[in-house]
Amino acid sequence: MSINFFKGHPTRELLPAKEIADSYNKVLLEQDYLSYDSDPQNQHPLAYGTDPGNLEVRETIAQWVNKKYGSDTTRADLINLTSGASYGVANILTSCTSRDITLRAFIVTPTYFLINNAFVDVGLGDRMTAVNETAGGEYDIDLDALTSELVKYSKGAGKVTLETGIVQDPRGERKIYRFVLYLVPSFSNPGGMTYNVKTREKLVQIARDFDLLIISDDVYEYLDYTAERDVPLPKISQIDQATVTNKYGNTISNATFSKIIAPGLRVGWQESATPALVKQLSQTGANKSGGTPAQLSTLVVADMIKSQKLDTNLSKVISVYKERAAVLRKSIEDYLPKGTEVHGGEGGYFVWVKLPDTIKDNQKTIKKLAEEKGVILAGGEHFEVFGDERGWGKQCVRLSLSYLTSKEIRQGIKLWGEAIENNS
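No experiment lies behind these values; they were computed from the predicted model shown. (Residues numbered from 1 in each chain as written. Predicted model: local features only at pLDDT ≥ 70, side-chain atom pairs only at ≥ 80, totals over all residues. Heavy atoms only, no water.)

**Things to note about the overall build of the protein chain**
Counting secondary structure elements, the protein chain contains 13 helices and 15 strands. The C-alpha atoms of the protein chain give 22 Å as radius of gyration, which agrees with the globular expectation for 424 residues (22 Å, within 12%). Viewed in the frame of its principal axes, the protein chain has a C-alpha envelope of about 70 × 60 × 35 Å. When each of the 424 residues of the protein chain is scored for burial, the buried share is 55%. When contacts within the protein chain are restricted to residue pairs at least 6 apart in sequence, those whose partners lie at least 24 apart make up 75%. If you sum the accessible surface of the protein chain, you get close to 18,000 Å²; carbon and sulfur atoms cover 51% of it. (Helix = DSSP H or I, 4+ residues; strand = E, 2+ residues; numbered from the N terminus. Rg over C-alpha atoms; globule rule 2.2 N^0.38 Å. Buried < 20%, exposed > 50% of the residue type's maximum accessible area, 1.4 Å probe, protein only. Contact = heavy atoms within 4.5 Å. Areas by Shrake-Rupley, 256 points an atom, 1.4 Å probe, with all protein chains shown as cover.)

Now the structure itself:
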């Protein structure tokens with residue numbers, strides 16, 4: 001049996017199967033939804049959904065988000081329902097970018113290892129630039145480098161105005177952005193970092209100056225193991241919303257229930273600073289044809305929120321993951337070489353490890369460890385931005401804490417440490 005640190009999804013025992021089944025039963029068999037028959041904003045669970053998703057579901061999610069953040073800023077008209085974060089990014093890029101107008105895509109590195117393909121799909125695969133995380137600096141990503149690149153690619157594009165990127169097509173008015181930035185600002189995947197408020201505020205300012213759309217994968221912020229904050233740090237979209245200066249805003253929070261209920265439900269939501277951008281997201285071809293994706297599952301999620309099953313499950317997984325994170329960090333301290341850098345473990349799914357420069361053949365060791373001991377590690381080479389690599393595979397590894405038990409985590413790190421020692 002292998003010990004797999006690559007898998008970034010929950011241990012099967014943590015999936016709330018009975019609670020989900022109970023909600024499906026309630027949604028399908030215990031409610032008739034007669035009031036929906038003449039309601040254009042709400043549709044039956046088994047019918048085609050409305051373009052942005054049922055209004056009642058969006059209201060329920062908005063209330064839940066506001067409770068988590070201790071605010072009242074999130075509203076139903078700022079939410080578009082999706083079938084999870086992966087679909088969400090694809091939907092955003094389809095709706096808000098084009099090769100004719102979008103000059104460059106910026107991606108914080110190391111990055112989520114499957115995100116590159118979403119940019120390739122919309123024709124931006126040859127226009128991707130990496131932006132480094134900068135742990136310990138004034139800002140948590142290299143904003144000087146980002147700004148420099150934005151200035152370079154803006155040459156000849158003209159001044160940014162309120163009309164920049166506004167186009168007309170058969171669907172009506174749309175906003176296409178000159179630039180797009182993808183990041184995971186809370187307990188980042190794979191870097192494990194949480195970007196401070198100063199970084200988030202500066203990003204919004206930069207986005208407005210350069211007509212940049214920030215796609216923020218907000219998928220881990222509710223998985224905080226430190227208990228240092230009563231509420232999560234403000235989303236970048238919330239900062240944008242507080243002082244929005246244009247019709248469409250410059251941010252989208254791309255969120256999901258995959259990490260806090262179950263990935264198989266395929267339910268997420270997009271939240272922006274203005275209703276105009278959210279409406280645009282709901283008008284992509286697939287949404288317009290079939291209505292919101294995962295219509296039935298969105299009502300199941302709404303029931304889990306109302307019945308507090310979601311919060312109960314969230315408390316459970318936080319408790320389990322907090323213990324695993326502590327075991328993982330302690331195991332790294334006990335078994336890996338002195339001088340190993342560790343980022344993460346305060347929340348989310350991942351810890352990013354950088355071995356000392358004296359350790360050679362990281363990729364060779366990883367391969368041998370999998371073949372001989374069944375311990376599977378995610379080498380840093382998987383987390384590069386296409387065409388702008390940083391060489392993460394030489395010394396870095398991403399470790400997932402969501403899939404393995406504490407015992408498996410400790411055993412796996414011990415075997416890794418032994419393999420490093422034997423190969424040094």
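Don't stop here, the text continues.
**Focus: helix 1 (residues 17–29)**
When the terminal C-alpha atoms of helix 1 are compared, their 18 Å separation across 13 residues agrees well with the 18 Å that a helix rising 1.5 Å per residue should span. Of all the positions in helix 1, only I20, S23 and V27 are classed as buried. The buried residues of helix 1 occupy an angular sector of 60° when projected down its axis, which confines them to one face. Exposed positions of helix 1 whose direction lies more than 90 degrees from the buried face are A17, K18 and L29. Buried residues in helix 1 make contact with helix 10 (295–306) and helix 11 (309–335). (Expected span 1.5 Å × (residues − 1). Arc of directions from axis to C-beta.)

**Notes on unusual backbone geometry**
Trans is the common state for peptide bonds, and a negative phi is the common state for residues other than glycine. With an omega dihedral of 0°, the bond running from T109 to P110 counts as a cis peptide bond. Its location among the elements puts P110 in the loop between strand 3 (104–109) and helix 4 (116–121). Note that the residue after N189, namely P190, is joined by a cis bond; omega there is 10°. As for its placement among the helices and strands, P190 is situated in the loop between strand 7 (179–183) and helix 6 (197–210). Phi is positive for F187, which is not a glycine, with a value near 50°. Considering the arrangement of structural elements, one finds F187 in the loop between strand 7 and helix 6.

**Some thoughts on the packing of aromatic side chains**
Aromatic rings considered in pairs are described by the distance between their centres and by the relative angle of their planes. In total, this model carries 17 aromatic pairs according to the counting rule given. Ring centres 5.5 Å apart and planes at 55° place the aromatic pair Y220 and Y349 in the tilted group. Within this pair, whereas Y220 is found in the loop between strand 8 (212–218) and helix 7 (236–242), its partner Y349 is found in the loop between strand 11 (341–344) and strand 12 (350–354), the two being separated by 129 residues in sequence. For Y349, a relative accessible area of 0% gives the class buried. Between W352 and W392 the ring centres are 6.1 Å apart and the planes differ by 80°, which places this aromatic pair in the edge-to-face class. Separated by 40 residues along the polypeptide, W352 in strand 12 and W392 in the loop between strand 14 (378–379) and strand 15 (396–400) bring together distant segments of the chain. Classification of W392 by relative accessible area gives buried; the value is 18%. (Phe/Tyr/Trp six-rings, centres within 6.5 Å; stacked < 30°, edge-to-face > 60°.)

**Some details on the packing of helix 11 against helix 13 (residues 406–423)**
Running from amino to carboxyl end, helix 11 crosses helix 13 at an angle of 20°, the nearest separation of the two axes being 9 Å. Here helix 13 runs roughly parallel to helix 11, going by the angle between their axes. At the point where helix 11 passes helix 13, the crossing takes the right-handed sense. Contacts between helix 11 and helix 13 pair E323, R324, V327, L328, K330, S331, I332, D334 and Y335 from the former with S406, I409, R410, I413, K414 and G417 from the latter. Of the residues in the contact of helix 11 with helix 13, the class split is six nonpolar, three polar and six charged. (Axes fitted to C-alpha atoms, helices over the stretch in contact; angles between N-to-C directions. Parallel < 35°, antiparallel > 145°, perpendicular 65-115°, else oblique. Left-handed = near helix turned anticlockwise from the far one by under 90°. Nonpolar A, V, L, I, M, F, W, Y, C, P; charged D, E, K, R; others polar.)

**Description of the nonpolar core**
One finds F5, F119, F257, W269, L399 and W416 to be the most contacted residues of the largest nonpolar core, which totals 90 residues. Two domains each put at least three residues into this core: domain 1 (3–13 + 311–422) and domain 2 (17–307). Formed by 21 residues, the second largest nonpolar core is a distinct cluster that contains L181, Y195, I236 and I239. (Core = buried A, V, L, I, M, F, W, Y, C linked by side-chain atoms within 4.5 Å. Domains from an automatic or database assignment.)

**Notes on the domain arrangement of the protein chain**
In terms of domain boundaries, the protein chain breaks down into domain 1 (3–13 + 311–422) and domain 2 (17–307). With 31 residues of domain 1 at the contact, the number on the domain 2 side is 31 residues. Our count for the domain 1 to domain 2 interface comes out at one salt bridge. Residues K68 and D311 are paired through a salt bridge, measuring 2.9 Å at the closest nitrogen-oxygen approach. Here domain 1 and domain 2 share 14 residue pairs in polar contact (both at pLDDT 80 or more) between them. Elements with a minimum of two residues in the side of domain 1 that touches domain 2: helix 11, strand 11 and strand 12. (Salt bridge = Lys/Arg side-chain N within 4 Å of Asp/Glu carboxyl O. Polar contact = N/O pair within 3.5 Å; in protein donor to acceptor, adjacent residues only side chain to side chain.)

**Details of the UniProt feature "domain: Aminotransferase class I/classII large" (unreviewed entry) in the protein chain**
Per the UniProt entry, the sites bearing "domain: Aminotransferase class I/classII large" (unreviewed entry) are residues 47–413 in this numbering. Segment residues 47–413 splits into 38% helix and 17% strand. End C-alpha atoms: 49 Å apart. (UniProt positions renumbered as here; feature names shortened; annotations may be inferred.)

**Some remarks on the pairing of strand 12**
Counting buried positions along strand 12 yields four of five residues, so the element is predominantly enclosed. By the bridge criterion, four bridges tie strand 11 to strand 12 in an arrangement that is antiparallel. The residue of strand 12 that forms the bridge with H343 is W352. Counted along the chain from strand 11 to the antiparallel partner strand 12, the turn is five residues long, and its residue G345 has a positive phi close to 105°. Two elements, strand 12 and strand 15, share five bridges in a ladder whose sense is antiparallel. Among the inter-strand pairings, K354 is bridged to a residue of strand 15, identified as C396. (Pairing = 2+ DSSP bridges.)

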